[in-house]
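# Residue-level structure breakdown
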Amino acid sequence: MFPLRRFRVEDDSMRPALEPGDYVLVNRWAYKFRSPAKGDLVVVRDPETPQRFLVKRVSAVPDAMQVRVAGDNADRSRDSRAFGPIPTREIVGKVWIRLR
Amino acid sequence: MSLLYLLARWLDRISPAPIAYAHCDIPCGIYDPHHAQLAAHTVVRMVDLINQLEKPGASSTPEQRQEYTNKLTRYIATKEQHSEIAKNEVRILWGDYFKPEHVKTFPELHELVWKALKSGSKARQEINLQAAEDLLKATNDIASIFWKTKGFETITAKAPYPTERLTVYPKFK
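About the criteria used
- Residues numbered from 1 in each chain as written.
- Chains lettered and ligands numbered in written order.
- Predicted model: local features only at pLDDT ≥ 70, side-chain atom pairs only at ≥ 80, totals over all residues.
- Contact = placed C-beta atoms within 7 Å.
- Helix = DSSP H or I, 4+ residues; strand = E, 2+ residues; numbered from the N terminus.
- Nonpolar A, V, L, I, M, F, W, Y, C, P; charged D, E, K, R; others polar.
- Pairing = 2+ DSSP bridges.
- Buried ≥ 20, exposed ≤ 12 C-beta atoms within 10 Å, placed from the backbone.
- Core = buried A, V, L, I, M, F, W, Y, C linked by C-beta atoms within 7 Å.
- Axes fitted to C-alpha atoms, helices over the stretch in contact; angles between N-to-C directions.
- Parallel < 35°, antiparallel > 145°, perpendicular 65-115°, else oblique.
- Left-handed = near helix turned anticlockwise from the far one by under 90°.

## Considering the interface of chain A and chain B
A common way to state how big an interface is: give the accessible area lost once the parts meet. Contacts between the two partners involve 24 residues from chain A and, on the opposite side, 15 residues from chain B. Of all the secondary-structure elements, those providing two or more residues to the side of chain A that touches chain B are β1 (4–10), β2 (23–27) and β4 (53–63) of chain A. It is β1 of chain A that provides the largest number of residues to the side of chain A that touches chain B, a total of 5 residues. Grouping the amino acids of the side of chain A that touches chain B by side-chain chemistry returns 11 nonpolar, 3 polar and 10 charged. With 3 bridges connecting them, β1 of chain A and strand β1 (residues 19–21) of chain B associate as parallel partners. The residue of β1 of chain B that forms the bridge with glutamate 10 of chain A is tyrosine 21 of chain B.

## Focus on the pairing of strand β2 (residues 154–158) of chain B
Residues and elements named next belong to chain B. Counting buried positions along β2 yields 0 of 5 residues, so the element is predominantly exposed. Sheet topology places β2 next to strand β3 (residues 166–170); 5 bridges connect them, and they run antiparallel. By the bridge assignment, threonine 156 is partnered in β3 with valine 168.

## So, the nonpolar core
Residue and element names in this part refer to chain B. Core analysis: the largest hydrophobic core is formed by 27 residues, its most contacted members being Ala40, Val43, Ala132, Leu135 and Ile142. Among the elements of the structure, α2 (34–52), α3 (62–97), α5 (109–125) and α6 (129–149) are those that each provide at least two residues to this core. Here this core gets 10 residues from one element, more than from any other, and that element is α6. Beyond its immediate sequence surroundings of up to four residues, isoleucine 142 is in contact with Pro33, Ala36, Val90, Leu93, Leu112, Val113 and Ala116.

## Structural notes on the packing of α2 of chain B against α3 of chain B
Helix-helix packing is characterised by the crossing angle of the two axes and by the distance between the axes. All names here are of chain B. Running from N to C, α2 and α3 cross one another at 155°; their axes reach a closest spacing of 8 Å. Between α2 and α3, the interaxial angle falls into the category roughly antiparallel. When the axes of α2 and α3 are compared, the crossing they make is left-handed. On the side of α2, the interface is formed by His35, Ala36, Ala39, Ala40, Thr42, Val43, Met46, Val47, Leu49 and Ile50, while α3 contributes Leu72, Tyr75, Thr78, Lys79, His82, Ser83, Ile85, Ala86, Glu89 and Val90. Taken together, the residues of the contact of α2 with α3 break down into 13 nonpolar, 5 polar and 2 charged.

## A closer look at the pairing of strand β7 (residues 91–99) of chain A
Residues in a regular strand point their side chains to alternate faces of the sheet. All names here are of chain A. Relative to β7, β2 is paired through 5 bridges, and the arrangement is antiparallel. Paired with valine 26 across the bridge in β7 is valine 95. For strand β3 (residues 41–45) and β7, the ladder comprises 3 bridges, and the chain directions are antiparallel. If you follow valine 42 over to β7, its bridge partner there is lysine 94.

Printed below as a string of structure tokens:
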């Protein structure tokens, strides 16, 4: 499996770090040897709509099995405050670089 | 615009990149305490109407009793619905709009939301004018805080409805 996957960003809950229209390259191997850390930008499967992806920032790591994610633009974000923590197996990868 | 960005965009023609949503709640940021206030007014009005309704006496006809029952049932049904609407609107403001920094500035919010929900339940369960008034007062107090967090002053004026109770309105510039 190739480690890098690209995604296009939509919606504005991650402004100003990520703007709609940006591309992100995601490292799918980032968490093979280390655990997600608070502050990491990650792409996860949407727990409410599994066929789509969300890009959010890790806001807390309650244990090794799950993380909480939040949008930087808290006023406008739907995230773990609404749907709770996300199992780490639902993390696609860590954002490696942003292309704008 | 970087070269890599142009490359990514070019790659989209071959195979489109999946979308990662920086997803927001829909509709983003559209909140107004007026719904809660309006529903509370309706509850007050229904209690007033129920109290004004003439009870059928011992000599009343079946038709009069039927009419009484019909009116009473409709008032009660509306009171049920609108106390629930008021409670739900308060829950939306509490759960989705108000943020920790608002609560820090207005610590009384906890108590006010609590009061609104409790008096809302009481107004729903009973024919209790005081509970309905308490519900309206709590939604007014929440509205006054809501508009302050939006940077607007408020005025308190008699509502232009049959209830004529004092109501908090924003003073838009």
